[in-house]
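Close look at the chain arrangement
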Amino acid sequence: MDSGLQHLPLRFFILLCCLFQATAAEDVSWKIATATLSRDKDGSSSVTTGGACGYGDLRQSSYGGYSAGLSGKLFNRGSSCGACLEVRCVNHIRWCLQGSPSVVVTATDFCPPNSGLSSDYGGWCNFPKEHFELSHAAFTGIAETRADIIPVQYRRVKCGRRGGLRFTLNGSSHFFQVLISNVGLDGEVVGVKVKGHTTAWIPMARNWGQNWHSSLDLIGQSLSFEVTLIGGKTIASYDVAPPYWRFGMTYQGKQFLS
């Protein structure tokens with residue numbers, strides 16, 4: 001029997017694995033959802049000035065103004081924080097901009113459900129709806145500002161970031177927490193480990209959003225971090241923070257490259 005035919009099943013399996021890894025962070029198929037403009041009474045928005053992912057004021061960060069709050073189904077208890085999604089307005093002649101242009105947004109906030117309102121009238125983020133609360137820059141890039149709710153299509157795309165991963169340290173002598181931001185490629189972090197210069201690699205647990213914690217006293221040690229993305233890629237940034245690091249400071253590590 002031809003040797004090529006003998007190895008066909010194995011080659012086919014390897015091909016499937018490669019295809020899965022290639023599409024884990026970039027889903028080329030468009031999915032259906034809805035979107036609204038995120039706006040508080042004073043004109044501000046938690047999508048850009050706070051948010052359930054813990055990034056803080058995005059106007060001062062690398063994520064800028066193109067951000068979105070996600071309904072519960074899309075937010076996935078915070079694991080979607082940092083993911084990049086391409087969104088476009090479709091099938092609405094009055095509200096969609098001509099040509100249905102698209103924008104790429106970063107998931108930075110949670111759009112809470114409203115059980116007092118119908119999912120079709122006001123309760124846009126009720127489970128299992130797939131809905132985006134878009135920042136002003138993102139919304140006006142695809143639709144008229146005065147629009148109420150618009151039909152959209154979305155898909156996962158790779159995140160393009162400048163500089164390395166950013167590690168913002170918080171906590172106390174008995175509680176260590178790190179906020180991870182400016183994540184490229186998948187954007188969605190699913191695993192974090194920390195290492196002091198006197199310790200082995202120690203797994204951290206998700207606290208909320210992209211804040212990860214551990215009950216450790218690492219004060220006075222240089223810190224290294226290992227970060228794993230939803231697509232399976234892992235990167236280790238050694239000695240990111242020097243032994244004299246301080247809580248509240250942000251340090252830069254390596255970056256995921258395509």
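Report on the accompanying structure.

Rules used in this analysis
- Residues numbered from 1 in each chain as written.
- Predicted model: local features only at pLDDT ≥ 70, side-chain atom pairs only at ≥ 80, totals over all residues.
- Heavy atoms only, no water.
- Disulfide = S-S within 2.5 Å.
- Helix = DSSP H or I, 4+ residues; strand = E, 2+ residues; numbered from the N terminus.
- Pairing = 2+ DSSP bridges.
- Axes fitted to C-alpha atoms, helices over the stretch in contact; angles between N-to-C directions.
- Buried < 20%, exposed > 50% of the residue type's maximum accessible area, 1.4 Å probe, protein only.
- Contact = heavy atoms within 4.5 Å.

Here's the deal with the state of the cysteines
Under the criterion given, the structure shown has four disulfides. Here Cys84 pairs with Cys159 through a disulfide, and the sulfurs are 2.1 Å apart. Measuring the twist about the S-S bond at about 125°, one finds the Cys84-Cys159 disulfide to be right-handed. You can see Cys84 sitting in strand β3 (residues 84-89) and its partner Cys159 sitting in the loop between β6 (149-157) and β7 (166-172), a full 75 residues away along the chain. Residue Cys111 pairs covalently with Cys125 via a disulfide, S to S 1.8 Å. Classification of the bridge connecting Cys111 and Cys125 rests on its S-S torsion, roughly 90°, and on that basis the disulfide is right-handed.

Focus: the pairing of strand β11 (residues 211-214)
With four bridges joining them, strand β8 (residues 175-181) and β11 adopt antiparallel strand pairing. Following the sheet pairing, Phe176 is matched in β11 by Ser214. As paired elements, strand β10 (residues 202-208) and β11 share three bridges and run antiparallel to each other. Each bridged residue has a counterpart across the sheet, and for Arg206 the counterpart in β11 is Trp212. Taking the residues that link successive antiparallel strands as the turn, the β10-β11 hairpin has two residues, and the phi of Gly209 there is positive, at about 55°.

Observations regarding the sheet that holds strand β13 (residues 234-241)
Pairing in this open sheet of eight strands is antiparallel, and the strands run β13-β12-β9-β10-β11-β8-β7-β14 from one edge to the other. Two strands in the sheet have a free side with no partner beyond their single neighbour: β13 and β14 (250-252). Recorded for the sheet is a direction-independent mean angle of 30° between the axes of neighbouring strands. Pairing between strand β12 (residues 223-229) and β13: five bridges, direction antiparallel. Bridge pairing links Val227 to Ile235 in β13.

Points about the sheet that holds strand β2 (residues 67-70)
Around the barrel, six strands lie side by side as β1-β5-β2-β4-β3-β6; this closed barrel has mixed pairing. Averaged over all pairs of adjacent strands, the angle between their axes in this sheet comes to 45°, without regard to strand direction. The sheet contact formed by β2 and strand β5 (residues 131-134) spans three bridges and is antiparallel. Across the sheet, residue Ala68 finds its bridge partner in β5, namely Leu134.

Comments concerning the environment of Tyr238
Tracing the backbone through its elements, the reader meets Tyr238 in strand β13. Assessed through its relative accessible area of 54%, Tyr238 is described here as exposed. Between the alpha carbons of Tyr238 and Lys195 there is a distance of 8.6 Å; along the sequence they are 43 residues apart. Once you skip the residues sitting within four places of it in the chain, Tyr238 turns out to touch Trp201, Leu223 and Ser224.

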